[in-house]
Amino acid sequence: MSLIDRRTLLIRSLQASGLVLAAPMLAACGSDDKKSTGGSGVAKGHGDVGLRLAWIKNVEFAGSYIADSKGYYKAEGFGSVNLITGGPTATPAETDVVTGKAFAGLTSPDRAGQAIQQGAKIKIVATQYQKNPFAITSMAKNPIKSAKDMVGKKIGVQATNEPIWEAFLKANNIDPKSVTKVPVQFDPLPLTTGTVDGWMSYITNEPNDLRLKGFQVETFLLADQGYPLVGESYIVTEDALKKDRAKIKSLLRAEIKGWKDSVADPALGAKLAAETYGKGLGLKTEEQTLESKDQNKLILTDETKKNGLFTISPALVESNIKTLKFASVNVTAEQLFDLSIINEIYKEDPSLV
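It should be emphasised that the depicted structure is a prediction, and the values quoted were computed from it without experimental measurement.

Draft legend 1. Seen up close, helix α17 (residues 340-348). The complete set of buried residues in α17 reads Ile341, Ile342, Ile345 and Tyr346. All buried residues of α17 lie within an arc of 135° about the axis, which places them on one face of the element. What points out from α17, more than 90 degrees from its buried face, is the exposed set Lys347 and Glu348. Tucked into the core, α17 has its buried residues touching β4 (122-129), α10 (238-243), α11 (245-264) and α14 (302-307).

Draft legend 2. Local environment of the sheet that holds β4. Spatial strand order, β2-β1-β3-β10-β4: five strands in an open sheet with mixed pairing. The two strands at the open ends of the sheet, each matched to only one other strand, are β2 (78-84) and β4. Averaged over neighbouring strand pairs, the angle between their axes works out to 25° when direction is ignored. Relative to strand β10 (residues 231-237), β4 runs antiparallel, the two sharing six bridges.

Draft legend 3. Seen up close, the sheet that holds strand β5 (residues 134-139). In space, the five strands of this open sheet follow the order β7-β6-β8-β5-β9, with mixed pairing throughout. Two strands in the sheet have a free side with no partner beyond their single neighbour: β7 (180-184) and β9 (217-221). Across the sheet, the mean angle from the axis of one strand to that of its neighbour is 35°, orientation sign disregarded. Where β5 and strand β8 (residues 198-202) come together, five bridges link them in antiparallel fashion. Counted as the bridge partner of Ser138 is Gly198 from β8. On the sheet, helix α7 (residues 162-171) packs against β5, β6 (154-158), β7, β8 and β9 and is oriented at approximately 135° with respect to β6.

Draft legend 4. Up close: the confidence of the model for the protein chain. On average, the protein chain scores 89 in pLDDT, and the residues at 70 or more come to 88%. Contacts for the low-pLDDT stretch residues 1-43, under 50 throughout, to residues beyond four places or in other chains number 117 contacts.

Draft legend 5. Seen up close, the pattern of salt bridges. All chains considered together, the criterion is met by 15 salt bridges. Between Lys213 and Asp209 there is a salt bridge; the shortest N-O distance is 3.3 Å. Overall, Lys213 belongs to the exposed group, its relative accessible area being 54%. Ionic pairing is found between Glu275 and Lys271, a salt bridge with its closest N-O pair at 3.0 Å. Of this pair, Glu275 and Lys271 both sit in helix α12 (residues 266-277), separated by four residues, roughly a single helical turn.

Draft legend 6. Spotlight on the environment of Thr192. Structurally, Thr192 can be placed in helix α8 (residues 189-193). Distance from Thr192 to Gln216, taken between C-alpha atoms, is 9.8 Å for residues 24 residues apart in sequence. In contact with Thr192, other than residues within four places in its own chain, are Met139, Leu210 and Phe215. A polar contact is formed between the side chain of Thr192 and the backbone oxygen of Leu189, at a distance of 2.7 Å.

Draft legend 7. Looking closely at the environment of Thr193. Considering the arrangement of structural elements, one finds Thr193 in helix α8. Reaching out from Thr193, the side chain makes a polar contact with the backbone oxygen of Pro190 at a distance of 3.1 Å.

Draft legend 8. Unusual backbone geometry, seen in detail. The phi torsion at Asn173 lies on the positive side, around 55°, for a residue other than glycine. With respect to the helices and strands, the residue Asn173 is situated in the loop between α7 and β7. Residue class for Asn173 comes out exposed when judged on its relative accessible area of 71%. In this structure, Phe310 is a non-glycine residue whose phi angle is positive, near 80°. Along the polypeptide, Phe310 turns up in the loop between α14 and α15 (314-326).

Draft legend 9. Examining the pairing of β7 more closely. Examined bridge by bridge, β6 and β7 share five bridges and lie parallel to one another. When the bridges of β7 are listed, Val157 appears paired with Pro183. After leaving β6, the chain enters α7 and then returns to the sheet as β7, a path that is right-handed.

Draft legend 10. Region of interest: the packing of aromatic side chains. Following the criterion strictly, the structure yields five aromatic pairs and no others. Ring centres of Tyr65 and Tyr277 lie 4.6 Å apart, and the angle between their planes is 10°; this geometry places the pair in the stacked category. With Tyr65 in helix α3 (residues 62-69) and Tyr277 in helix α12, the pair connects residues that are 212 residues apart, well separated along the chain. The same class applies to Tyr65 and to Tyr277, which are both buried.

Rules and cut-offs
Residues numbered from 1 in each chain as written. Predicted model: local features only at pLDDT ≥ 70, side-chain atom pairs only at ≥ 80, totals over all residues. Heavy atoms only, no water. Buried < 20%, exposed > 50% of the residue type's maximum accessible area, 1.4 Å probe, protein only. Helix = DSSP H or I, 4+ residues; strand = E, 2+ residues; numbered from the N terminus. Arc of directions from axis to C-beta. Contact = heavy atoms within 4.5 Å. Pairing = 2+ DSSP bridges. Axes fitted to C-alpha atoms, helices over the stretch in contact; angles between N-to-C directions. pLDDT = per-residue confidence, 0-100. Salt bridge = Lys/Arg side-chain N within 4 Å of Asp/Glu carboxyl O. Polar contact = N/O pair within 3.5 Å; in protein donor to acceptor, adjacent residues only side chain to side chain. Right-handed = clockwise from strand over helix to strand, strands pointing away. Phe/Tyr/Trp six-rings, centres within 6.5 Å; stacked < 30°, edge-to-face > 60°.

Now the structure itself:
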């Protein structure tokens, strides 16, 4: 599976259809399915649990592969952690967590917020990416370096990304009529031929695909231009927060250890993705390593270097809540976030920072 394939259906964060289809399940099902991997279990320690990934098993989940392969989950008391794949036909992570199919899941604030508005009793308890990976890619010979530079330009936007595009324009007070939106698919060939000037993309994917093909490109993150959402956020149910705090804490501790290793050695998780966990998907270690290096830039910031991986500062929480309003997701910080556990982890063990 190429980098472009990975992007084809990932960007569904504001697609109402997925969450609307899941709404009856969100409303009707509880989180006490003891038969599922997300159930309480009776095994020694924390037993077996499920962690719902946001997409297919590529390098995006490098830290989890490392935590599994190095025994960090077992060291934290788990019999096993089932890394449940996502994908184009998968139900939303929010649904899998609420129904008990998974104990925890990875998602984005906009999707989690939208699910909460529909009645899901979930909270974000930590986040991998301090910056969401959405970006505008342009050719280096005709660079678009900021949101304002898009005015008067032609930007290729995929149908599934239109809600984010519209919210981004609102966040930057840009009149949609001042930018020519060109409907496109996911292969950025039109960018290389000059059909469009910019391309709605994922910073870890299309730019690297083009670089591997010999093109020089310019990029800017939406997160650096008025759209500062976090990404790859861990969600659990409110019920789990009340009854299974120790289990959540142990899972996050193991994940932190895995991701610290991934940050230190970007090729480690890339190799595990291509040759073990994502074997059969056609992943290439070279491109997965490039993606790993780029995603580390989204994970490591001055704040996480100081406070620890997965933490979210109060200022960043506030920025996320404000940004979500541009996408018509109206939730409070208290409704969306509960960061007490991730903060407790570092208070109890500062060596993890």
